[in-house]
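Here is how the chains run, residue by residue.
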Amino acid sequence: VVTIAFHQRTPMPTGHFIGIDYGTGTSSMAWFNPSTRKPEILHNAEGRPTTPSLVWFGESETLVGEIVETKIADPDDCKLVYPDLAKRKFTSSTPLYIGRKKIMPHDAVVAVLTKLRRDAEDRHFRAPVTRAVLTVPATFTRAEHDVLKNAAMAAGFEQVELLEEPTAAAIAYLKNG
């Protein structure tokens, strides 16, 4: 974990916000604790620092994370899990058919981000989390930026910023230097 120390006069944003690393395999979230003035990893509802980026689209419910891994044990339910490779193409406008459900690729992104937001609200803040900063690969296109930002808004965030991963690393390096 990178520790970033801010000057004591640096103004802190108001309200609850989280940083999210939306990953192909797992996703994680953190926040900047104003009391300690250091970033802290937030744990999901299951008490873990990472959430598998797996989404199961059932007939009447959508499940995200570790619980999906238990669904995979049933070969019939495997057909309803959002495939890992398709997640890499979340900007596609071509629907996927998972079981009998028509799913747009960005729906899985919305489901993962919604879980992270709700876990932060319920487990850590007990209040709405309306702002997020998401790290993205430097190779993301403008279309990928737009789809990810729109997915975050659909997940309930009102303000969304995207930060390229190398930029985030450079900021962390500068703050520690």
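What you see as residue numbers is a count from 1 along each chain, following the sequence as written. For a predicted model such as this one, the threshold for reporting local features is a pLDDT of at least 70, and the threshold for listing and counting side-chain atom pairs is 80 or more; totals across whole chains, interfaces and linings nevertheless cover every residue. Side-chain figures throughout are based on the complete set of non-hydrogen atoms in the structure, without hydrogens or water.

Asker: Any chance you could explain the environment of T94 here in plain terms?
Answerer: Strands are runs of DSSP state E lasting at least 2 residues, helices are runs of H or I lasting at least 4, and numbering of each runs from the N terminus. Tracing the sequence through the fold places T94 in the loop between helix 3 (84–87) and strand 7 (96–98). Through-space distance from the C-alpha of T94 to that of P105 is 7.7 Å; in sequence the pair is eleven residues apart. Apart from the residues within four sequence positions on either side, T94 is in contact with M104 and P105. Residue contacts are counted whenever heavy atoms from the two residues lie within 4.5 Å of one another.

Asker: I tried to follow the environment of K71 on my own but got confused; where do I start?
Answerer: One can find K71 in helix 1 (residues 66–71). Only protein chains enter the accessibility calculation, which uses a 1.4 Å probe. A residue is then buried if its area is under 20% of the maximum for its type, exposed if over 50%, and partly exposed in between. Judged by relative accessible area, K71 falls into the partly exposed class, the value being 23%. Distance from K71 to V81, taken between C-alpha atoms, is 8.4 Å for residues ten residues apart in sequence.

Asker: In this structure, what is going on with the packing of aromatic side chains? I would like to understand it.
Answerer: One pair of aromatic rings is described through two measures. These are the centre distance and the angle between the planes. Stacked, edge-to-face and tilted labels apply to pairs of Phe, Tyr and Trp rings (six-membered ring for Trp) whose centres lie within 6.5 Å, assigned for plane angles under 30 degrees, over 60, and everything in between, in that order. Tallied over the full model, the rule gives two aromatic pairs. Look at W31 and F125: their rings are 5.1 Å apart centre to centre, the planes differ by 80°, and that puts the pair in the edge-to-face class. A residue pair is termed long-range when its members are at least 10 positions apart, and W31 in strand 2 (residues 26–33) and F125 in helix 4 (residues 105–125) qualify at 94 residues. Each of the two residues, W31 as well as F125, counts as buried.

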